Amino acid sequence: MPPNATSAHAGSPANLTVALTGASGIVFGQTLLRILDADSRVARIHFIASENSLRVLAEELGISGRSSLVEKLLGHASAKIAQHSENDVGAAIASGSYPSTGMIVMPCSMGTLAGIANGLASNLIERAADVCLKERRPLLLCLRETPFNQIHIRNMSLAAAAGATIFPIIPAFYNQPAGIDEMARQFVCRVLAHLGLPQPGAFIWKPDDLNPSST
Ligand SMILES: Cc1cc2nc3c(=O)[nH]c(=O)nc-3n(C[C@H](O)[C@H](O)[C@H](O)COP(=O)(O)O)c2cc1C
């Protein structure tokens, strides 16, 4: 039975896992965390930043070090975000018995894609993703690389066949975003709509007008 990618929220508070890996586009992951932190439908966020994501964080956002990383990314502390070490394979989300509602890897490097697609489970990111697949929970892999080689394409196919949603960081242009922040925000809105967490202000192409008085 294929996983139901729209069932992450399903009316009860969401308990999501977010991983940042060492691909370009870290601002997308930062935006995701900010939106989820502000969303009252999300009760818990388990957060993992790979060792290599720290290098990209430094390059792209000028954020250095692992200590107080959540505060640095959000601009404030968060009671609902629990940060885990990439090496902590004993964290709650490493077990299928823990009631996670799904996982988003944003951005997802080709290295982490390879680990997930081939079931390596060699760190907490790969293990938590592996758990999502075996438990038929939503797993969204927001990949970032260009161009793709055949290994990347094969790994995408393997992960998709196992139940992951391949959701590459390919932002929209038809909404005429004013800059990178808006582009990232609208992309994150698309990802969260896919998980059943539609966001206010999300761009919709030709929305239905359900208010007759405005016509
Ligand atoms: C500035 C910078 C940008 C990078 N961008 C990408 C990228 O877009 N996609 C990718 O797959 N790897 C990218 N890499 C390489 C990954 O960081 C590297 O393959 C790493 O081993 C991934 O490890 P992780 O998946 O454990 O985070 C980048 C590295 C650096 C330093």
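Below is a short write-up of the structure.

Criteria and cut-off values
- Residues numbered from 1 in each chain as written.
- Predicted model: local features only at pLDDT ≥ 70, side-chain atom pairs only at ≥ 80, totals over all residues.
- Helix = DSSP H or I, 4+ residues; strand = E, 2+ residues; numbered from the N terminus.
- Rg over C-alpha atoms; globule rule 2.2 N^0.38 Å.
- Buried ≥ 20, exposed ≤ 12 C-beta atoms within 10 Å, placed from the backbone.
- Contact = placed C-beta atoms within 7 Å.
- Expected span 1.5 Å × (residues − 1).
- Pairing = 2+ DSSP bridges.
- Axes fitted to C-alpha atoms, helices over the stretch in contact; angles between N-to-C directions.
- Parallel < 35°, antiparallel > 145°, perpendicular 65-115°, else oblique.
- Left-handed = near helix turned anticlockwise from the far one by under 90°.
- Nonpolar A, V, L, I, M, F, W, Y, C, P; charged D, E, K, R; others polar.
- Near = placed C-beta within 6 Å.
- Core = buried A, V, L, I, M, F, W, Y, C linked by C-beta atoms within 7 Å.

## A few points about the overall build of the chain
Along the backbone of the chain there are seven helices and six strands. For a compact globule of 215 residues, the expected C-alpha radius of gyration is about 17 Å, and the chain comes in at 17 Å, within 12% of that figure. Considering the chain as a whole, with its 215 residues, one finds that 39% of them fall into the buried category. Taking the contacts inside the chain whose residues are at least 6 apart along the sequence as the reference set, 77% of them involve residues at least 24 apart.

## Considering helix 6 (residues 150-162)
Note: α-helices contain 3.6 residues per turn, so residues at a spacing of three or four share the same orientation. When the terminal C-alpha atoms of helix 6 are compared, their 18 Å separation across 13 residues agrees well with the 18 Å that a helix rising 1.5 Å per residue should span. Once helix 6 ends, the next one or two residues include Gly163, with phi positive near 120°.

## Considering the sheet that holds strand 5 (residues 139-143)
Whether parallel or antiparallel, the strands of a sheet pair through hydrogen bonds between backbone atoms. The parallel open sheet is built from six strands, whose spatial order is 3-2-1-4-5-6. Both outer strands of the open sheet, strand 3 (81-84) and strand 6 (165-166), are each paired with one neighbouring strand and no more. Note: strand 4 (residues 102-108) against strand 5, four bridges, orientation parallel. Residue pairing across strands places Cys108 opposite Leu143, the latter belonging to strand 5. Running at roughly 135° to strand 4, helix 5 (residues 124-134) makes contact with strand 1 (14-20), strand 2 (42-49), strand 3, strand 4 and strand 5 of the sheet.

## Some remarks on the packing of helix 4 (residues 110-117) against helix 6
The geometry of helix 4 relative to helix 6 is characterised by a closest axis approach of 9 Å and an angle of 45° between their N-to-C directions. Between helix 4 and helix 6, the angle falls in the class oblique. Here the hand of the crossing between helix 4 and helix 6 comes out left-handed. Contacts between helix 4 and helix 6 pair Met110, Leu113, Ala114, Ile116 and Ala117 from the former with His152, Asn155, Met156, Leu158 and Ala159 from the latter. Among the residues forming the contact of helix 4 with helix 6, the class breakdown is eight nonpolar, two polar and no charged.

## Remarks on the environment of Gly119
With respect to the helices and strands, Gly119 occurs in the loop between helix 4 and helix 5. Remark: the alpha-carbon pair of Gly119 and Ala159, spanning 40 residues in sequence, is separated by 9.2 Å.

## Describing the site of the ligand
Residues in contact with the ligand amount to 16 residues; listed here are only the nearest, Thr21, Gly22, Ala23, Ser50 and Asn52. Among the secondary structure elements, those contributing two or more residues to the shell around the ligand are helix 2 (51-61) and helix 4. Looking at the shell around the ligand, the element that brings in the most residues is helix 2, giving five residues. Its residues placed into classes, the shell around the ligand shows three nonpolar, nine polar and four charged.

## Topic: the nonpolar core
One finds Met103, Ile104, Val105, Leu141, Cys142 and Val191 to be the most contacted residues of the largest nonpolar core, which totals 54 residues. The dominant element in this core, judged by the number of residues it contributes, is helix 7 (residues 180-194), at seven residues. Discounting residues that sit within four places of it in the chain, Val105 has contacts with Ala19, Thr21, Thr112, Ile125, Ala129, Leu141 and Cys142.

## Focus: the packing of helix 1 (residues 26-38) against helix 2
Where helix 1 contacts helix 2, the two axes come as close as 9 Å, and the packing angle between them is 95°. One way to sum up the angle between helix 1 and helix 2 is to call them roughly perpendicular. Of the residues in helix 2, those in contact with Ile26, Val27 and Gln30 of helix 1 are Ser53, Val56, Leu57, Glu60 and Leu61. The residue makeup of the contact of helix 1 with helix 2, split by class, is five nonpolar, two polar and one charged.

Structural measurements only, silent on function.
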